[in-house]
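As a plain string of letters, each chain reads:
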Amino acid sequence: MNILELLKKDQDQQMPEEYKQLSVEEMENRVKEIKERMGTSLFIPGHHYQKDEVVQFSDSTGDSLQLAQVSAQNKDAKYIVFCGVHFMAETADILTSDEQVVILPDMRAGCSMADMANMDQTEQCWEVLMETFGDTILPLTYVNSTAAIKAFVGKNGGATVTSSNAQEMVKWAFTQKERILFLPDQHLGRNTAYDIGIPLDQMAVWNPISNKFEYEGDLNDVKVILWKGHCSVHENFTVANIKEVRETKPDMKIIVHPECSREVVALSDDNGSTKYIIDTINNAPAGSKWAIGTEMNLVKRIIDQHPDKEIISLNQNMCPCLTMNRIDLPHLLWTLESLEQGKVVNQISVEEEIARDAVLALERMLQR
Ligand code: 13P
Ligand code: SF4
């Protein structure tokens with residue numbers, strides 16, 4: 001493809017300005033009509049962190065694990081318009097048939113955590129790990145990672161994990177090998193390993209920028225190697241936020257996502273995946289009081305759905321996940337109207353060789 005064709009292709013992937021001028025009502029009506037016309041040939045999964053304007057049109061709403069499961073199960077839809085972030089759409093593409101087309105309404109909807117581990121860094125890390133520990137390590141990757149990292153993990157006998165099944169998967173990993181490499185979220189890795197009884201001094205951090213371990217003790221004692229990555233949303237919940245809630249609202253319970261730091265999780269009353277947080281609040285008695293440490297679009301929705309409970313965000317200055325927020329009503333409408341005009345925009349297509357190895361890692365998780 002020459003440069004002019006490339007520029008033209010890039011323009012085709014950009015939403016035309018006119019969509020920004022439409023009223024919400026107009027856009028909602030047009031999306032509704034297209035959904036009716038397309039019927040089961042269209043499937044719209046929506047992550048819990050998406051905006052309400054998008055979630056209202058989701059055929060299935062869930063966390064990363066649930067959306068991977070429903071995408072894998074859907075055999076009818078020709079088009080899967082994924083309202084979430086890039087790694088989720090890649091996962092859907094890997095788990096669906098070659099005939100099914102996966103679309104991400106805005107290609108800028110990435111994930112800063114997934115971007116914290118690339119293949120060069122991972123291969124360099126693996127080389128050092130093999131030299132240091134020999135063949136004693138199983139790699140596990142949070143689904144919040146690129147398809148290439150999932151493929152690397154699949155090729156090396158490992159599996160993907162989500163926040164909903166991290167404990168089960170880490171326990172499984174230790175039935176396979178003596179040690180694990182957990183990437184790319186150090187916090188989920190640390191919190192999960194700690195919860196199953198691994199002491200913090202048996203966890204080393206691998207810094208992919210300096211290409212070095214961050215560990216004071218004897219490396220022979222290490223059971224878990226944590227990739228030094230994090231979620232830029234969940235890292236914004238701090239010990240100071242917890243102290244403030246404890247001081248100002250002492251009867252309030254604090255529940256956080258395990259992508260928060262160890263210190264924050266340790267000082268909270270409860271922690272768990274997105275689904276766990278939703279279920280806990282759903283099952284809590286009327287009148288109960290909660291400070292929630294997770295993504296803001298979801299916290300706002302939980303607050304709206306529970307007028308009988310007092311609920312706040314653990315961090316009062318918290319913003320939604322910026323990349324999740326890239327998916328909005330204009331982009332959803334534009335992708336759907338393009339489909340009706342016979343044009344597929346923003347298709348997510350994972351290379352065959354990568355998909356073949358990545359599916360091994362995903363299936364080891366989904367089969368459990
Ligand atoms: P879960 O959907 O697995 O809870 O992950 C949270 C998240 O940060 C998604 O990007
Ligand atoms: Fe990535 Fe965190 Fe946003 Fe999830 S909430 S998409 S992990 S940056």
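Up top is the structure.
In this report, the structure presented in the accompanying data block is examined. (Residues numbered from 1 in each chain as written. Chains lettered and ligands numbered in written order. Predicted model: local features only at pLDDT ≥ 70, side-chain atom pairs only at ≥ 80, totals over all residues. Heavy atoms only, no water.)

1. Topic: the pairing of strand β15 (residues 310–313)
Step number 1: In this sheet, β15 lies alongside strand β14 (residues 289–293) in parallel orientation, the contact comprising four bridges. When the bridges of β15 are listed, A291 appears paired with I312. (Pairing = 2+ DSSP bridges. Helix = DSSP H or I, 4+ residues; strand = E, 2+ residues; numbered from the N terminus.)

2. Describing the nonpolar core
Step number 1: One finds L140 and I292 to be the most contacted residues of the largest nonpolar core, which totals 102 residues.
Step number 2: If near-sequence neighbours (up to four positions away) are discounted, I292 is found in contact with F237, I255, I277, I281, V299, I302, I311, I312, S313 and L314.
Step number 3: Within the second largest apolar cluster, 17 residues are counted, among which are F152, V153, L181 and W206. (Core = buried A, V, L, I, M, F, W, Y, C linked by side-chain atoms within 4.5 Å. Buried < 20%, exposed > 50% of the residue type's maximum accessible area, 1.4 Å probe, protein only. Contact = heavy atoms within 4.5 Å.)

3. Considerations on the sheet that holds strand β4 (residues 79–81)
Step number 1: One open sheet accounts for three strands, arranged β1-β4-β5; its pairing is parallel. Each having just a single partner strand, β1 (42–43) and β5 (101–103) make up the two edges of the open sheet.
Step number 2: Here two bridges tie β1 to β4, and the two strands are oriented parallel to one another. Opposite L42, over in β4, you have Y79 as the bridge partner.
Step number 3: Here helix α15 (residues 329–340) sits on the sheet and contacts β1, β4 and β5; the angle it forms with β4, its principal contact strand, is near 170°. (Axes fitted to C-alpha atoms, helices over the stretch in contact; angles between N-to-C directions.)

4. With respect to the site of ligand 2
Step number 1: Residues in contact with ligand 2, as listed here, are Y49, V85, C111, S112, M113, N144, C231, V233, E259 and C321.
Step number 2: Of the residues assigned to the shell around ligand 2, the class counts are seven nonpolar, two polar and one charged. (Near = heavy atom within 4 Å. Nonpolar A, V, L, I, M, F, W, Y, C, P; charged D, E, K, R; others polar.)

5. Remarks on the site of ligand 1
Step number 1: Neighbouring residues of ligand 1: 13 residues in total, closest H47, S64, S163, E259 and T274.
Step number 2: Residue H257 places a side-chain N or O atom 3.0 Å away from an oxygen atom belonging to ligand 1.
Step number 3: In isolation ligand 1 has 300 Å² of accessible area, and contact with the protein removes 96% of it.
Step number 4: For the shell around ligand 1, the class distribution of residues is five nonpolar, six polar and two charged. (Polar contact = N/O pair within 3.5 Å; in protein donor to acceptor, adjacent residues only side chain to side chain. Areas by Shrake-Rupley, 256 points an atom, 1.4 Å probe, with all protein chains shown as cover.)

6. Brief notes about helix α8 (residues 147–155)
Step number 1: Of all the nine residues making up α8, seven are buried; the element is thus mostly covered by neighbouring parts of the structure.
Step number 2: If you check which residues of α8 are buried, you get A147, I149, K150, A151, F152, V153 and G154.
Step number 3: Elements in contact with the buried residues of α8: α6 (86–95), α7 (119–133), β6 (137–142), β7 (159–161), β8 (179–183) and α16 (352–366).
Step number 4: Downstream of α8 by one or two residues, G157 has phi in the positive range, about 85°.

7. Considerations on the side chain of S71
Step number 1: The topology assignment puts S71 in helix α5 (residues 64–73).
Step number 2: A relative accessible area of 0% places S71 in the buried class.
Step number 3: Excluding residues within four positions of it along the chain, S71 makes contact with P45, F82, A92 and T96.

8. What about the packing of helix α9 (residues 166–176) against helix α10 (residues 186–195)?
Each packed pair of helices is defined by two parameters, the angle between the axes and the distance between the axes.
Step number 1: With their axes 9 Å apart at the nearest point, α9 and α10 run at an angle of 70° to one another. It follows that α9 is roughly perpendicular to α10 by the angle criterion. Contact residues: α9 offers A166, Q167 and V170, while α10 offers L188, T192 and D195.
Step number 2: Across the contact of α9 with α10, the residue classes break down as three nonpolar, two polar and one charged. (Parallel < 35°, antiparallel > 145°, perpendicular 65-115°, else oblique.)

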